[in-house]
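Residue-level listing of the chains:
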Amino acid sequence: MYRISTRTMTDQTISSMLEQQAKMSKTQLQLSTGKRIVTPSDDPTGAVRVVDLKSAIGRVEQYQLNADRATNRLEQEESVLFSVTNLLQRARVLGVQGSNTGVYSAEETQAMADEIRLLVDELEGLANTRDSNGDYIFSGYKSGTKPFT
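Quantities reported herein were computed from a predicted structural model and do not represent experimental measurements. (Residues numbered from 1 in each chain as written. Predicted model: local features only at pLDDT ≥ 70, side-chain atom pairs only at ≥ 80, totals over all residues. Heavy atoms only, no water.)

Concerning the nonpolar core
- By size, the foremost hydrophobic cluster in this structure holds 8 residues: V80, V84, L87, L94, M112, L119, L126 and I137.
- At the level of elements, α2 (44-98) and α3 (106-127) are the ones that each hand at least two residues to this core.
- When residues in this core are grouped by element, the largest group, 4 residues, is from α2.
- In contact with V84, other than residues within four places in its own chain, are L123 and L126. (Core = buried A, V, L, I, M, F, W, Y, C linked by side-chain atoms within 4.5 Å. Buried < 20%, exposed > 50% of the residue type's maximum accessible area, 1.4 Å probe, protein only. Helix = DSSP H or I, 4+ residues; strand = E, 2+ residues; numbered from the N terminus. Contact = heavy atoms within 4.5 Å.)

Some details on the layout of surface pockets
- Space inside the largest pocket adds up to approximately 230 Å³.
- Along its surface, the largest pocket is lined by T33, K35, R36, I37, V38, A47, V50, V51 and K54.
- Along the lines of polarity and charge, the residues of the lining of the largest pocket split into 5 nonpolar, 1 polar and 3 charged.
- Of the volumes computed, that of the second largest pocket is approximately 170 Å³.
- Lining the second largest pocket are R69, N72, R73, Q76, D131, S132, N133, D135 and S143. (1 Å grid on protein atoms, 1.4 Å probe; cavity = no way out; pocket = protein on both sides within 12 Å on 5 of 7 lines; lining within 4 Å. Points joined across faces, edges and corners; volume = space filled by probe spheres on them. Nonpolar A, V, L, I, M, F, W, Y, C, P; charged D, E, K, R; others polar.)

Some points on α2
- For α2, spanning 55 residues, the distance from its first C-alpha to its last is 81 Å, which sits close to the expected 81 Å at 1.5 Å a residue.
- Three or more residues of α2 are buried, namely G46, A47, E77, V80, V84, L87 and L94.
- Elements that come into contact with the buried residues of α2 comprise α3. (Expected span 1.5 Å × (residues − 1).)

Structural notes on the pattern of salt bridges
- The tally for this structure, following the rule as stated, stands at 7 salt bridges.
- E19 is paired through a salt bridge with K23; the nearest N and O atoms lie 3.7 Å apart. A residue pair is termed a helical-turn pair when its members lie 3 or 4 positions apart in one helix, as E19 and K23 do in helix α1 (residues 6-33) at 4 residues.
- Under the relative-accessibility criterion, E19 is labelled partly exposed at 44%.
- Between R90 and E115 there is a salt bridge; the shortest N-O distance is 2.8 Å. With R90 in helix α2 and E115 in helix α3, this residue pair connects regions lying 25 residues apart in the sequence.
- Ionic contacts of the salt-bridge type, sharing partners, join the residues R73, E77 and D131 into one network. (Salt bridge = Lys/Arg side-chain N within 4 Å of Asp/Glu carboxyl O.)

Printed below as a string of structure tokens:
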């Protein structure tokens, strides 16, 4: 026969209450943080999976950032090339007009030549366009080097 003392019953009750209180505290912490795994000891394999997923999310976010930067740069390059096309079309028109000898006066021919010089200067400026980081967009891998002088 075992003798169960009042002290033993009290200790078991208190121990059981403390255990339940600890479980409730853990559940409240999980609810308040919105996380099932608060510490790695809660679920070691789940904790490893969380770390792996956070790493994967970081990589995907970096890929997205890189894609956004590339898209912005390509849009800027496209805009500059559109402007270059317009300049070259204007220079072609002036070249065709200037090739008609005897039709234009010397002053008009000189004005066309001056405008073509301005177009060349503007073309050089467009060719040396920089992006928002200060890099030249048409200098290839040497983005800090001015491509055209």
